[in-house]
Amino acid sequence: MNTKIPATKNNKRLITILVCGVIFMFGFCYMLVPLYNIVCKQIGFNGKSANSATLVNPNMQVDTSRTIKVDFSTTMHGNLNFKFIPLQRHIEVHPGERKLIYFYAENKTGKDITVQAIPSITPNDAARFLKKTECFCFTQQYFFKGEKADMPVYFFIDPAVPKETKEMTLSYTLFDETEFIKKQKHFTKGRIDL
Amino acid sequence: MSESIVLDHATDHDDHGPAKGFTRWLFTTNHKDIGTLYLYFSLIMFFVGGIMALIVRAELLEPGKVLINPEFFNQMTTMHGLIMVFGVIMPAMAGLANWMIPLMIGAPDMALPRLNNWSFWLLPFAFTMLASTLFMSGPAPDFGWTFYAPLSTTYGPKSTDFFIFAIHMMGISSIMASLNIVVTIFNMRAPGMGWMNLPVFVWGWLVTAFLLLAVMPVLAGCVTMMLMDRHFHTSFFDAAGGGDPSLFQHVFWFFGHPEVYILILPGFGVISEIIPTFSRKSLFGYRFMVVATVIIALLGLVVWGHHMFTTGAPLEAQLYFMYATMLIAVPTGIKIFNWVATIFKGSISFETPMLFALGFLVMFTLGGFSGLMLGLVPADYQYRDSYFVVAHFHYVLVSGSLFTIIAAVYYWLPKWSGHMYSEKLGQIHFWLTVIGMNLTFMPMHFLGLAGMPRRIPDYALQFTDFNQYCTVGAFIFGFAQLIFLYIILKSCFSKDKGHVSAQVWEGAKGLEWTLPSPVPYHTFATPPVITTGHREY
Ligand SMILES: [Cu+2]
């Protein structure tokens with residue numbers, strides 16, 4: 001082949017481009033992680049918008065013409081031996097109205113433990129309108145052996161919530177955080193110790 | 001005879017035949033040898049994965065425990081899926097690429113022959129590692145071939161790490177093979193072989209290679225994240241540490257959906273070679289075929305969400321993924337119509353490759369339709385995770401990808417080995433395969449619609465008779481493949497002198513058919529000059 005040498009040069013260039021593409025795609029895979037979190041936060045998917053505090057718009061009006069029923073549910077992850085229940089199964093709120101509710105938690109594991117509740121809100125189309133100003137789920141919670149407490153959630157439903165939303169569910173799954181303890185003070189803010 | 005060998009050596013002074021013994025295969029950089037290795041590897045894995053499928057089907061012969069316990073059942077479904085996708089279809093397609101692309105574009109070999117050797121030899125190690133988990137004290141991977149977190153992270157057996165490294169190795173192998181294929185097609189085409197003159201098989205593989213380069217790194221990233229979650233205290237997929245298990249599904253299906261096109265696009269290419277040959281007409285709408293392939297690949301990258309309709313995705317996202325998925329039916333439909341138009345008014349003959357191509361055409365279309373049903377959001381809520389899904393993907397993978405591979409083997413086997421296969425046995429193989437395949441997978445549609453979930457070792461009584469059809473069909477299918485094995489081995493190791501012409505098939509067009517059968521060890525040392533559109537009739 002008389003064009004042998006230029007062909008090899010072309011090969012090198014093409015290979016370089018392709019290998020860069022492969023490395024880029026590997027990086028892209030990891031870029032999907034923050035990308036996913038941003039998108040989820042925007043659309044309120046998987047409780048990603050419900051695990052950080054929002055500020056209340058001072059001009060917010062309570063829309064008394066509408067009432068939304070909010071159900072609460074709790075799940076223990078794996079074999080975590082906790083009693084963890086909402087004090088009220090459900091409440092009725094007007095959009096824009098601020099509410100405080102409590103969840104009862106009791107450490108029955110027989111040892112000191114750090115746990116965290118991960119929220120999830122349905123229906124998905126309304127999820128991002130359920131906003132919290134304060135919640136025990138924002139941080140990890142430390143429980144002594146046998147400790148019991150009522151834990152607060154301050155929330156409201158943004159009046160911009162879709163018209164067809166009549167009912168919402170706020171659910172928490174309680175996780176054992178022993179493997180993932182963050183370096184912070186034992187956080188118990190707002191808790192009513194029992 | 002010895003005279004001709006002497007003559008050959010006299011004319012081709014640097015044409016050394018293959019080395020002798022095992023080292024020939026270990027150190028080979030010859031694209032034909034490597035293609036052969038890929039194909040044999042795939043053939044072995046086909047029977048390994050097939051035996052696993054038969055164990056699964058035997059267990060499902062009756063409700064209750066028949067043969068194996070549920071733990072082993074899960075390992076069998078998982079390993080069957082992994083081996084068939086990564087160990088059979090992909091290596092077989094790579095084998096066809098290695099054998100045929102240089103012959104079709106008039107190149108002396110692949111552009112990067114040593115890399116080629118390496119990309120093959122990684123595979124036996126990867127799959128030995130994967131298969132070795134079956135003999136370990138803990139269970140083998142048992143979380144399904146989609147290895148969803150947290151089944152494969154928090155709850156994965158110890159052997160999951162072997163699985164992760166096996167995936168890494170075969171991923172590297174695929175990436176290197178694709179790199180090689182792209183460089184070969186870009187830089188090694190014979191003079192006059194323009195882009196719009198490339199055989200459609202080569203086009204299909206070019207697009208596939210780009211898809212592989214785009215998504216295999218994502219799969220590698222995905223299993224690396226798993227490994228980190230398992231051992232390095234990260235929590236990509238663990239909600240306890242702030243991660244999210246549904247992120248796994250996004251990352252996996254970002255790879256997983258293009259993967260299904262990786263498995264089928266080279267097959268589309270094979271069919272586009274075979275149908276014109278046995279219809280004795282040129283391919284209808286060549287340009288449309290090429291453009292459709294590219295569009296399918298591009299759309300394939302942005303529809304992964306249709307695997308996740310029930311994960312609680314927002315309505316807008318579900319609608320987008322549904323419509324984008326439906327859109328893929330358009331380029332695919334173009335291909336189906338073009339193949340039918342190629343057959344239309346052709347002078348058709350029904351040799352085994354053509355039979356498999358026609359079987360593909362009919363049954364792949366069926367699989368496509370059930371795919372459309374699954375792509376519909378409201379319908380998917382009923383069909384997901386049922387046997388309907390199993391029926392769907394076996395129609396597109398068995399009567400799709402696998403049929404194209406079998407068709408390709410029958411089509412090019414005389415060219416490779418210099419011996420015609422037994423046409424009579426080929427026909428028997430085809431009919432048994434078609435009957436077995438439909439008997440196995442057709443009832444699964446109805447089982448799924450009636451509510452039988454996939455991946456279970458036991459089922460409700462009312463599903464018994466349909467499951468028994470499936471099991472009987474599976475054993476017919478399995479038996480038919482022994483005939484296939486016999487046909488291949490007979491053609492490859494036949495001692496009697498072959499007298500297959502260079503063209504082999506009356507209607508075959510293309511560079512590979514200008515070479516003698518069997519193909520000499522070295523070909524196109526001087527590139528052929530292509531002056532006309534050689535695929536015209
Ligand atoms: Cu898909």
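Residues numbered from 1 in each chain as written. Chains lettered and ligands numbered in written order. Predicted model: local features only at pLDDT ≥ 70, side-chain atom pairs only at ≥ 80, totals over all residues. Heavy atoms only, no water.

A. Inspection of the overall build of chain B at higher detail. Along the backbone of chain B there are 15 helices and 0 strands. For 537 residues, the compact-globule formula gives about 24 Å, and the C-alpha radius of gyration of chain B, at 23 Å, lands near that figure. Across the 537 residues that make up chain B, the buried fraction comes to 61%. For chain B, long-range pairs separated by at least 24 residues make up 82% of all intrachain contacts whose partners lie at least 6 apart in sequence. Positive and negative side-chain charges of chain B, numbering 24 and 28 respectively, have mean locations separated by a distance of 7 Å. (Helix = DSSP H or I, 4+ residues; strand = E, 2+ residues; numbered from the N terminus. Rg over C-alpha atoms; globule rule 2.2 N^0.38 Å. Buried < 20%, exposed > 50% of the residue type's maximum accessible area, 1.4 Å probe, protein only. Contact = heavy atoms within 4.5 Å. Lys, Arg positive; Asp, Glu negative; His and termini not counted. Charge placed at Lys NZ, Arg CZ, Asp CG, Glu CD.)

B. Region of the structure containing unusual backbone geometry. Residue and element names in this part refer to chain B. Following A149, the chain continues to P150 via a peptide bond in cis, the omega torsion being 5°. On the secondary structure map, P150 appears in the loop between α5 (113-132) and α6 (160-187). Cis peptide bonds are those with omega within 30 degrees of zero, and the linkage from S517 to P518 qualifies with -5°. Mapped onto the fold, P518 is located in the segment after α15 (464-493). Of note in the backbone geometry, F147 takes a positive phi value of approximately 35° without being a glycine. Checked against the element boundaries, F147 lands in the loop between α5 and α6. Phi angles above zero are rare outside glycine, and K345 is one such case at about 60°. Among the residues examined, K345 registers a relative accessible area of 73% and is labelled exposed.

C. Local environment of helix α14 (residues 423-449) of chain B. Helix length check: α14(B), at 27 residues, gives a terminal C-alpha distance of 39 Å against a target of 39 Å (1.5 Å per residue), a fit within 8%. Taken from the residues just after α14(B), B:G451 is the one with a positive phi, measuring 110°. (Expected span 1.5 Å × (residues − 1).)

D. Just the sheet that holds strand β9 (residues 167-176) of chain A, in detail. All names here are of chain A. In space, the 5 strands of this open sheet follow the order β3-β1-β9-β5-β7, with mixed pairing throughout. With one partner strand each, in any of the chains shown, β3 (90-93) and β7 (141-143) form the two edges of the open sheet. Adjacent strand axes in the sheet meet at a mean angle of 30°, parallel and antiparallel pairs treated alike. In this structure, strand β5 (residues 113-122) lies alongside β9, joined through 8 bridges in antiparallel fashion. Each residue of the ladder has a partner; that of I121, found in β9, is L170. (Pairing = 2+ DSSP bridges. Axes fitted to C-alpha atoms, helices over the stretch in contact; angles between N-to-C directions.)

E. Looking closely at a nonpolar patch on the surface. Residue and element names in this part refer to chain B. Together, F22, L26 and F27 make up an exposed nonpolar region whose accessible area comes to about 340 Å². Assignment of secondary structure puts L26 in helix α2 (residues 22-27). On the basis of relative accessibility, which here comes to 31%, the residue L26 falls in the partly exposed class. (Patch = residues over 30% accessible without salt bridge, like charges linked within 9 Å, V, L, I, M, F, W, Y side chains within 5 Å. Areas by Shrake-Rupley, 256 points an atom, 1.4 Å probe, with all protein chains shown as cover. Salt bridge = Lys/Arg side-chain N within 4 Å of Asp/Glu carboxyl O.)

F. The environment of B:D238, seen in detail. Secondary-structure assignment places B:D238 in the loop between α7 (200-231) and α8 (245-279). On the basis of relative accessible area, B:D238 is assigned to the buried category, the value being 18%. Residues contacting B:D238, with those up to four places away along its chain left out, are A:F180, B:T154, B:D229, B:G243 and B:D244. Polar side-chain contacts of B:D238 include one of 3.1 Å to the backbone nitrogen of B:A240. (Polar contact = N/O pair within 3.5 Å; in protein donor to acceptor, adjacent residues only side chain to side chain.)

G. Main features of the interface of chain B and chain A. On the side of chain A, 30 residues touch chain B, which itself brings 42 residues to the contact. For the pair chain B and chain A, the summed buried area comes to about 3,000 Å², and 72% of that belongs to carbon and sulfur atoms. Inspection of the chain B/chain A interface yields 0 salt bridges. If you tally residues by element for the side of chain B that touches chain A, the top one is α7(B), at 11 residues. For the side of chain B that touches chain A, the class distribution of residues is 27 nonpolar, 12 polar and 3 charged. (Buried area = accessible area lost by both parts, 1.4 Å probe. Nonpolar A, V, L, I, M, F, W, Y, C, P; charged D, E, K, R; others polar.)

H. Here's a closer look at the coordination of the copper ion. Residues and elements named next belong to chain B. Protein-derived ligands of the copper ion are H257 (ND1), H306 (NE2) and H307 (NE2), with the metal-ligand distances lying across 1.7 to 1.9 Å. Within one chain, the residues serving as donors to the copper ion are arranged as H-x48-H-H. Separated by 50 residues along the polypeptide, H257 in helix α8 and H307 in the loop between α9 (286-300) and α10 (315-343) bring together distant segments of the chain. The class for H307 is partly exposed, based on a relative accessible area of 29%. (Donors = N, O, S within 2.8 Å, 3.2 Å for Na, K, Ca; no water.)

I. Just the confidence of the model for chain A, in detail. All names here are of chain A. Put simply, chain A has an average pLDDT of 84, and 88% of its residues get 70 or more. Looking over chain A, one finds the lowest element-wise mean pLDDT in strand β10 (residues 192-193), namely 74, and the highest in strand β1 (residues 68-76), namely 92. Scored below 50 in pLDDT, residues 1-5 shows 1 contact in the model against residues more than four places distant or in partner chains. (pLDDT = per-residue confidence, 0-100.)

J. Broad picture of empty space enclosed by the protein. Residue and element names in this part refer to chain B. Scanning the entire structure with this criterion turns up 3 cavities of 30 Å³ or more. Among the secondary structure elements, those contributing two or more residues to the lining of the largest cavity are α4 (70-105), α6 and α7. Tallying contributions element by element places α4 first for the lining of the largest cavity, with 5 residues. (1 Å grid on protein atoms, 1.4 Å probe; cavity = no way out; pocket = protein on both sides within 12 Å on 5 of 7 lines; lining within 4 Å. Points joined across faces, edges and corners; volume = space filled by probe spheres on them.)

K. Representation of the nonpolar core. If you look at the biggest cluster of nonpolar residues, it comprises 190 residues, and the most contacted ones within it are B:F86, B:F127, B:F147, B:W339 and B:W412. Per-element accounting of this core gives the leading share, 22 residues, to α4(B). In this structure B:W339 touches B:F268, B:I271, B:S272, B:I275, B:L283, B:M289, B:F360 and B:L361, once residues within four positions along its chain are discounted. Counting residues in each nonpolar core, the second largest holds 33 residues, with A:V115, A:F129, A:C135 and A:F136 among its members. (Core = buried A, V, L, I, M, F, W, Y, C linked by side-chain atoms within 4.5 Å.)

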